[in-house]
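Descriptive structure summary
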Amino acid sequence: MAKTNEFTLIRPDDWHVHLRDGDMLKAVAPLTARQFARAIVMPNLETPITTASAAEAYKERIMAVLGEKSGFTPLMTCYLTDDTDPDDLIPGFELGAFTAAKLYPAGATTHSTGGVTDIARIEGVLGRMEKAGMPLLVHGEVTDPDIDIFDREAVFIERTLAPLLERFPGLKVVFEHITTSDAVDFVSSGPQTLAATVTVHHLMINRSDMFKGGLRPHLYCLPVAKRDSHRLALRKAVTSGNAKFFLGTDSAPHAVSAKEADCGCAGVFSAASALELYAQVFDDEDALDKFEAFASLNGPAFYGLPVNEGRVTLKKTESGLPAAVEVGGGETVKPFHAGEALAWTLVD
Ligand code: NCD
Ligand code: ZN
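Below or above, wherever it landed, is the structure these notes cover. Since the structure is predicted, the reported quantities are computational estimates derived from the model, not experimental observations.

**Observations regarding the overall build of the chain**
If you tally the helices and strands in the chain, you get 11 helices and 13 strands. Taking the principal axes of the C-alpha coordinates as reference, the chain spans close to 50 × 45 × 45 Å. Going through the 348 residues of the chain one by one, you find that 58% of them count as buried. Considering only contacts within the chain whose residues lie at least 6 apart along the sequence, 73% involve residues at least 24 apart. Surface exposure of the chain reaches about 13,900 Å², of which carbon and sulfur atoms provide 50%. Charge centroids of the chain, computed over 32 positive and 47 negative side chains, lie 4 Å from each other.

**Notes on the site of ligand 1**
Lining the immediate environment of ligand 1, one finds 15 residues, of which Asn44, Thr109, Leu222, Asp250 and His254 sit closest. The contact in question runs from an oxygen atom of ligand 1 to an N or O atom on the side chain of histidine 18, over 3.0 Å. One of the side-chain N or O atoms of histidine 139 is found 3.3 Å from an oxygen atom in ligand 1. Within the complex, the protein chains bury 100% of what would otherwise be the 320 Å² of accessible surface of ligand 1.

**Quick look at the packing of helix α6 (residues 181-188) against helix α8 (residues 228-238)**
At a minimum axis distance of 8 Å, the contact between α6 and α8 shows a crossing angle of 30°. Looking at the two axes, α6 sits roughly parallel to α8. Within the contact between the two elements, α6 uses Ser181, Asp182 and Val184 and α8 uses His230, Ala233, Leu234 and Ala237. In terms of residue class, the contact of α6 with α8 is built from four nonpolar, two polar and one charged.

**Side note on the packing of aromatic side chains**
The way to describe two aromatic rings as a pair is by their centre distance and the angle between their planes. Enumeration according to the criterion identifies 12 aromatic pairs in this entry. Ring centres of phenylalanine 282 and phenylalanine 291 lie 4.9 Å apart, and the angle between their planes is 50°; this geometry places the pair in the tilted category. The same class applies to phenylalanine 282 and to phenylalanine 291, which are both buried. Here the basic side chain of lysine 172 rests over the ring of phenylalanine 302, its NZ or CZ set 5.7 Å away from the ring centre. The ring of phenylalanine 150 carries arginine 207 above its face, with NZ or CZ at 4.7 Å from the centroid.

**Some points on unusual backbone geometry**
That bond from leucine 222 to proline 223 is cis: its omega, -10°, falls within 30 degrees of zero. Among the structural elements, proline 223 can be located in the loop between α7 (200-204) and α8. Despite not being glycine, arginine 20 shows a phi value in the positive range, around 60°. Among the structural elements, arginine 20 can be located in the loop between β2 (14-17) and α1 (22-35). When its relative accessible area of 12% is taken as the criterion, arginine 20 is described as buried. Backbone geometry at histidine 337 places phi at a positive 75°, although glycine is not the residue there. Position of histidine 337 among the secondary structure elements: in the loop between β12 (331-333) and β13 (345-347).

**So, the sheet that holds β2**
Strand pairing within a sheet occurs via backbone hydrogen bonds; the two strands may be parallel or antiparallel. In space, the eight strands of this open sheet follow the order β2-β3-β4-β5-β6-β7-β8-β9, with parallel pairing throughout. Unpaired on one side and paired on the other, β2 and β9 (245-247) mark the two borders of the sheet. Between one strand axis and the next, the sheet turns by 30° as a mean value, whatever way the strands run. Pairing geometry for strand β4 (residues 73-79) and strand β5 (residues 100-103), over three bridges, is parallel. Within the sheet, the bridge partner assigned to tyrosine 79 lies in β5 and is lysine 102. Packed on one face of the sheet, α6 meets β7 (173-175), β8 (194-198) and β9 and runs near 145° to β8.

**Overview of the coordination of the zinc ion (ligand 2)**
Binding of the zinc ion (ligand 2) to the protein goes through His16 (NE2), His18 (NE2) and Asp250 (OD), at separations of 2.0 to 2.1 Å. Here the donor residues of the zinc ion (ligand 2) are spaced in sequence according to H-x1-H-x231-D. You can call histidine 16 buried: its relative accessible area is 1%. Since its relative accessible area comes to 7%, histidine 18 is described here as buried.

**Notes on the sheet that holds β13**
Strand order in the open sheet formed by three strands is β1-β10-β13, with antiparallel pairing between adjacent strands. Of all strands in the sheet, those bounded by a partner on one side alone are β1 (6-10) and β13. Averaged over all pairs of adjacent strands, the angle between strand axes in this sheet comes to 30°, irrespective of strand direction. The sheet contact formed by strand β10 (residues 311-315) and β13 spans three bridges and is antiparallel. The partner of leucine 314 across the bridge, within β13, is leucine 346. Strand contacts of helix α10 (residues 274-284): β1, β10 and β13, with the helix running at about 60° to β10, the strand carrying the most contacts.

**Observations regarding α8**
Considered for burial, the residues of α8 that qualify are His230, Arg231, Ala233, Leu234, Arg235, Ala237 and Val238. In this fold, the buried residues of α8 make contact with α6, β8, α7, β9, α10 and α11 (291-303).

**Things to note about α6**
Listed as buried for α6 are Ala183, Val184, Phe186 and Val187. Projected down its long axis, α6 shows its buried positions confined to an angular sector of 170°, all on one face. Buried residues belonging to α6 abut α5 (152-167), β7, β8, α8 and β9.

Rules behind the numbers
- In this convention, every chain numbers its residues from 1, walking through the sequence in written order.
- For this description, chains carry letters from A and ligands carry numbers from 1, given in the order in which they are written.
- The predicted origin of the model limits local features to residues at a pLDDT of at least 70 and limits the giving and counting of side-chain atom pairs to 80 or more, whereas totals for whole chains, interfaces and linings rest on all residues.
- Just so you know, side-chain values use all the structure's heavy atoms and leave hydrogens and water out.
- Strands here are runs of E lasting at least two residues and helices are runs of H or I lasting at least four, both read from the DSSP assignment and numbered beginning at the N terminus.
- For each residue, the accessible area found with a 1.4 Å probe, counting protein chains only, is set against the maximum for its type, and the residue is called buried under 20%, exposed over 50%, and partly exposed in between.
- Only heavy atoms enter the contact rule, under which two residues are in contact if any of them lie within 4.5 Å.
- In this description, accessible areas are obtained by the Shrake-Rupley approach with a 1.4 Å probe, and a residue is regarded as covered only by the protein chains that are shown.
- We count Lys and Arg on the positive side and Asp and Glu on the negative side, and we leave His and both chain ends out.
- The location of each charge is read from NZ of Lys, CZ of Arg, CG of Asp or CD of Glu.
- We call a residue near a molecule or strand when any one of its heavy atoms sits within 4 Å of it.
- What qualifies as a polar contact is a pair of N or O atoms within 3.5 Å, subject to a donor-acceptor requirement within protein and to the restriction that residues adjacent in sequence count only when both atoms come from side chains.
- Each axis is a line fitted through C-alpha atoms, and for a helix only the stretch in contact is used; angles between axes span 0 to 180 degrees, taken between their N-to-C directions.
- Any angle between 65 and 115 degrees counts as roughly perpendicular, while under 35 counts as roughly parallel, over 145 as roughly antiparallel, and the rest as oblique.
- In this classification, the charged set is Asp, Glu, Lys and Arg, the nonpolar set is Ala, Val, Leu, Ile, Met, Phe, Trp, Tyr, Cys and Pro, and all remaining amino acids, among them Gly, are polar.
- Aromatic pairing here means that ring centres of Phe, Tyr or Trp (its six-membered ring) are within 6.5 Å. Orientation follows from the plane angle: under 30 degrees is stacked, over 60 is edge-to-face, and everything else is tilted.
- A ring has a charge above it when a Lys NZ or an Arg CZ is no more than 6 Å from the ring centre and no more than 35 degrees off the ring normal.
- Should DSSP find at least two bridges between two strands, the strands are regarded as paired.
- Nitrogen, oxygen and sulfur within 2.8 Å of a metal are treated as its donors, or within 3.2 Å for sodium, potassium and calcium (Na, K, Ca); water is not counted, so a site can appear incomplete.
- In this description, one arc is meant: the one made by directions from the helix axis to the C-beta atoms.

Fair warning: the whole summary comes from geometry, so function is off the table for now.
Written out as structure tokens, the structure reads:
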């Protein structure tokens, strides 16, 4: 494709984001709303969102921060537990309180201790979701401490995801924030009910970047970045035009003090510039013509939602990012790519 310096696309959506709550919500939600019309909002708050009424209250807190004029729509999710009540979940989906349900294997990541301990325990819930057409969003890592952390996604496919798809052939499943060529291959060759989100950081960094010149806590997230061959497979997948891959930032802010700590939290905070950085990836791959499908079309098609009406324009002019975003109480969060130039800038 000929090089271009400006392009316009249908306003995109973020199909996986952590907006948090309280002061952090106030600091980060406007950054997401600046770029995206809708976002799938993760339910892993300190007290996870496990009921439709909790999701509605959380949605109101988000909209109290953003205001109706923002035009932003949070799409809420339910945090599945061993005790999820299908008689709250399914009506919650049918009445629009929930758009999807999230499966965190217990202990897999931040605030997942209350997650599902064994898929067998939620078989009944999954069966009801399958019938209702409610998407299941999966954090795809095994939690077995004997499995090397870099292998946990690949092992999850074999042990959990493949059997799950066989058992529930009609269930829509999003394999979230994939990081391996194994996941790319599995999704590409899988059924139409299976799709995947890809973060911008996994398209840009590999595991060596976490150790470049010293330990880089702000690049640590889960699933952890893998070796470069996997990053290249992800770049190929998102620029292939395959509709099974769509944008999900997994922007996961943690205060600097919680990242730069003896036991630092997992999460890359990319919401300040995600769209610009994705554009850079597609441009570097000479694939800007595939960007709109990835960012604005494939997600709604999978979820069965309309595409957005507005449009956004990206220009190839360099801009910078703040080194830190204030989050109240003297705390800050550090954006992905902070202090580095952005090749593309979002202009409205
Ligand atoms: C997420 C978080 O901080 O909530 N962290 C992360 O590294 N991605 C949780 C998650 O999505 O795994
Ligand atoms: Zn996440």
